[in-house]
Amino acid sequence: MTNSVFPDGFLWGGATAANQLEGAFKEGGKGLSVADAMPGGKARLDVLSSDTFDWTIDEDKYIYPNHRGIDHYHHFKEDIALFAKMGFKCYRFSIAWTRIFPKGDETTPNEAGLVFYEQVIDECVKHGIEPVITISHYEMPLHLAKEYGGWKNRELITFYERYAKVVLERFHSKVKYWMTFNEINSAFHFPALSQGMVKSTGAGDYHNVFQAWHNQFVASSKAVKIGHELNPELQIGCMIIYATTYSFDSNPVNQMATIEQNQEMNFFCADVQVRGEYPVYTKRIFDKYNVGELDIAEGELELLKDYPVDYIGFSYYMSSVVNITDEEAAKASGNLLAGLKNPFLKASEWGWQIDPVGLRIALNELYNRYEKPVFIVENGLGAIDNVDENFYVEDEYRIDYLREHIEAMADAIKDGVDIMGYTPWGCIDLVSASTGEMSKRYGFIYVDLDDEGNGTGKRYEKKSFNWYKDVIATNGSKL
Ligand code: BG6
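Keep in mind that this is a model prediction, so the values were computed, not measured.

Novice: Help me understand the site of the ligand in this model?
Specialist: A17, G382, S432, A433 and S434 are the nearest of the 15 residues found near the ligand. A breakdown of the residues in the shell around the ligand according to their chemical character gives 5 nonpolar, 7 polar and 3 charged.

Here it is, written out as structure tokens:
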């Protein structure tokens, strides 16, 4: 389209993760993942914050929505056809590590898992959709969490390297875009899903969290090395959760605290993965969190330097406010998923503060910091959808949210930011990561399943489906 500010070839699409939509959690030789041990609803939050949780799956006590997902495993052709109908240029999904290496420490991959993803990729290619793959999205093998203690254990570098090598070798000729770890910087908030660590196995100790990060950085660089040796054209990105962070007021003390929070929450992991070295403020953070000395093997710092990522993938849902001059407010400031209330913003039903201008700011901050292409690989509104008698959802609220964020992207492009693409989260309804609910819906496609798993599982196009189809068809000029 001639009057669009979005460049030709802009990657419009949608994003999902294996553990949240595939279901079939024991089929095709799949092993259990950390996500399979997460119950649904409030129980998930309880489990994640408990001191004693030891990864036990208790099906008599809890329901586990991830076990069934939306049964995409058996419906992927139908789902990808719907994405194609919307005109998707790309589809971001993840490979379940446990379909390839069911326990994680085997030496031979599970062929049935590889065949499954080959079919998914081929289905995308058949429809002219570019696959964008996250190698690890909140679903590491449960065995590695239970028996090895998660990512704080250096042995995981070898297991991940083996896994990444297998999938990169198998799929590199069909898949150009990759990401190594989903929301790698979320470990402060989700150590269980992100690093395979719970309080009872040391997640509360920051030494472990930062050691786990170091191991993940090394593993990520190894994947970049493998990928680029196979094909220098491959684009392998990091993936961070980004919450634009404002100072509560012009008090310089709060301004400085905002800089610190940005370093800790938003930039630390990306600084290492994009620039290839630990940032200058590392010592300050290590002192603050009593991290102590990390176990860094010979050659690892050089590896990080030699194999940085090619682009910055990030999720953006909300912004946050920092105020350390008031005791109560200070406590809420660091809480990404609730945080301090910003009087200028409205919030979603789950309290996530909606801030499209914050996305423009994020794009400017990230691009000006790194000068590498940025890819918005998650964004969207989790909302309760009400269906009419034909299972139609008039989701104007979702359209408004997405329109405003796309406008902010257009403004950022005018600011000079190089944006590769946009893949709104949960393009088809799926299980929420933080709450395990089906009722927190993001999709353009409604899936008839409730929090308890009742429903037909049938797919229905929402109002936003046709709206997004037009957005893509006009390359973002008709919003
Ligand atoms: C991101 C994750 O944090 O946000 C996704 O990468 C997740 O896995 C998404 O689903 C939305 O969060 P939630 O908790 O609403 O599912």
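Novice: It is not clear to me how the sheet that holds strand β12 (residues 419–422) should be interpreted in this structure. Could you clarify?
Specialist: For sheets, the rule is that strands pair by backbone hydrogen bonds, running either parallel or antiparallel. Strands sit in the order β1-β2-β3-β4-β5-β7-β11-β12 around a closed barrel of 8 strands; the barrel is parallel. This sheet shows a mean twist of 30° between the axes of neighbouring strands, independent of strand direction. Pairing between strand β1 (residues 11–15) and β12: 2 bridges, direction parallel. Bridge pairing links W12 to Y422 in β12. On top of the sheet, helix α10 (residues 206–230) reaches β3 (130–136), β4 (177–181) and β5 (235–241); it is set at about 160° to β4, its chief contact.

Novice: What exactly am I supposed to notice about the UniProt feature "active site" (unreviewed entry) in the chain here?
Specialist: Mapped onto this structure's residue numbering, the UniProt feature "active site" (unreviewed entry) falls at E378. Inspection of the secondary structure puts E378 in strand β11 (residues 374–378). Setting aside chain neighbours within four positions, we find E378 in contact with A15, S315, T423 and W425.

Novice: What is the right way to read the pairing of strand β8 (residues 319–322) from this model?
Specialist: Looking along a regular strand, one sees the side chains alternate between the two faces of the sheet. Every second residue of β8 is oriented toward a common face, with S319 and V321 on one face and S320 and V322 on the other, all of them buried. One ladder, built from 4 bridges, connects strand β6 (residues 244–247) with β8; its direction is parallel. Bridge pairing in β8 links S247 to V322.

Novice: Teacher, can you tell me more about unusual backbone geometry here?
Specialist: Leave glycine aside and you will find that most residues have negative phi; peptide bonds, for their part, are mostly trans. Of note in the backbone geometry, W55 takes a positive phi value of approximately 80° without being a glycine. Structurally, W55 is set in the loop between α2 (42–49) and α3 (65–68). Look at W55 and you get buried, because 20 C-beta atoms sit within 10 Å.

Novice: It is not clear to me how the nonpolar core should be interpreted in this structure. Could you clarify?
Specialist: In a soluble, globular protein the nonpolar side chains are often hidden away together inside. Grouped together as the largest cluster of nonpolar side chains are 134 residues, with contacts concentrated most on Y91, I95, C238, I240 and F314. For this core, the leading source of residues is α10, giving 10 residues. Once you skip the residues sitting within four places of it in the chain, F314 turns out to touch M239, I240, Y242, L366, V374, I376 and V377. With 7 residues, the next largest nonpolar core counts Y246, F248, V321 and I324 among its residues.

Novice: Is there a simple way to think about the pairing of β11 in this case?
Specialist: Counting buried positions along β11 gives 5 out of 5 residues, so the element sits mostly inside the fold. Across 4 bridges, the pairing between strand β7 (residues 311–315) and β11 is parallel. When the sheet's bridge partners are listed, F314 is paired in β11 with I376. Of the crossover connections in this fold, the one passing from β11 over helix α16 (residues 396–414) to the parallel β12 is right-handed.

Novice: I would appreciate a short explanation of the packing of α16 against helix α17 (residues 463–473) in the present structure.
Specialist: Helix-helix packing is characterised by the crossing angle of the two axes and by the distance between the axes. At a minimum axis distance of 9 Å, the contact between α16 and α17 shows a crossing angle of 25°. Viewed along their axes, α16 and α17 adopt a mutual orientation that is roughly parallel. For the pair α16 and α17, the crossing hand works out as right-handed. Within the contact between the two elements, α16 uses E396, R398, I399 and I406 and α17 uses K463, S464, W467 and V471. Class assignment for the residues of the contact of α16 with α17 results in 4 nonpolar, 1 polar and 3 charged.

Novice: Teacher, can you tell me more about the packing of helix α8 (residues 155–171) against α10 here?
Specialist: For the pair α8 and α10, interaxial distance at closest approach is 9 Å and the crossing angle is 25°. With respect to α10, the axis of α8 lies roughly parallel. The two elements α8 and α10 cross, and the hand of that crossing is right-handed. Taking contact as the criterion, the partners of L156, I157, Y160, E161, A164, K165, L168 and E169 in α8 are, on α10, N215, V218, A219, K222, A223, I226, G227 and L230. Per-class residue counts for the contact of α8 with α10 are 10 nonpolar, 2 polar and 4 charged.

Novice: Got a minute to help me understand α16 in this structure?
Specialist: Compared with the 27 Å implied by 1.5 Å per residue over 19 residues, the 27 Å span of α16 between its first and last C-alpha is a close match. Those residues of α16 that sit buried are R398, I399, Y401, L402, H405, I406, A408, M409 and A412. For α16, the elements touching its buried residues are β10 (353–354), α15 (356–370), β11, β12 and α17. G416 sits one or two residues past α16 and shows a positive phi near 105°.

Novice: Explanation requested: helix α6 (residues 111–126) in the structure shown.
Specialist: Turn by turn, an α-helix covers 3.6 residues, leaving residues three or four places apart pointing in a common direction. In a regular helix each residue adds 1.5 Å, so 16 residues correspond to 22 Å; α6 covers 22 Å between its end C-alpha atoms and thus fits that length. All buried positions along α6 are accounted for by G113, F116, Y117, V120, I121, E123 and C124. Considered in projection along α6, the buried side chains sweep an arc of 155° and stay on one side of the axis. For α6, the exposed residues set more than 90 degrees away from the buried face come down to E111 and K126. Buried residues belonging to α6 abut α4 (72–85), β2 (90–94), α5 (97–100), β3 and α8. Two residues or fewer past α6, G128 is found with a positive phi of approximately 75°.

Novice: Even after reading the chapter, I still don't get the environment of P109, so can you show me in this structure?
Specialist: Take P109: it is sitting in the loop between α5 and α6. Distance in space between the C-alpha atoms of P109 and V167 is 9.6 Å, their sequence separation being 58 residues.

Novice: Teacher, can you tell me more about the environment of G29 here?
Specialist: When you line up the elements, G29 lands in the loop between α1 (18–21) and α2. On the basis of neighbour count, G29 is assigned to the partly exposed category, with 15 C-beta atoms found within 10 Å. The spatial distance from the C-alpha of G29 to the C-alpha of T98 is 8.5 Å, given a sequence separation of 69 residues. Contact partners of G29, with chain neighbours within four places excluded, come to P102, N110, A112 and G113.

Calculation rules
- Residues numbered from 1 in each chain as written.
- Predicted model: local features only at pLDDT ≥ 70, side-chain atom pairs only at ≥ 80, totals over all residues.
- Near = placed C-beta within 6 Å.
- Nonpolar A, V, L, I, M, F, W, Y, C, P; charged D, E, K, R; others polar.
- Pairing = 2+ DSSP bridges.
- Helix = DSSP H or I, 4+ residues; strand = E, 2+ residues; numbered from the N terminus.
- Axes fitted to C-alpha atoms, helices over the stretch in contact; angles between N-to-C directions.
- Contact = placed C-beta atoms within 7 Å.
- UniProt positions renumbered as here; feature names shortened; annotations may be inferred.
- Buried ≥ 20, exposed ≤ 12 C-beta atoms within 10 Å, placed from the backbone.
- Core = buried A, V, L, I, M, F, W, Y, C linked by C-beta atoms within 7 Å.
- Right-handed = clockwise from strand over helix to strand, strands pointing away.
- Parallel < 35°, antiparallel > 145°, perpendicular 65-115°, else oblique.
- Left-handed = near helix turned anticlockwise from the far one by under 90°.
- Expected span 1.5 Å × (residues − 1).
- Arc of directions from axis to C-beta.

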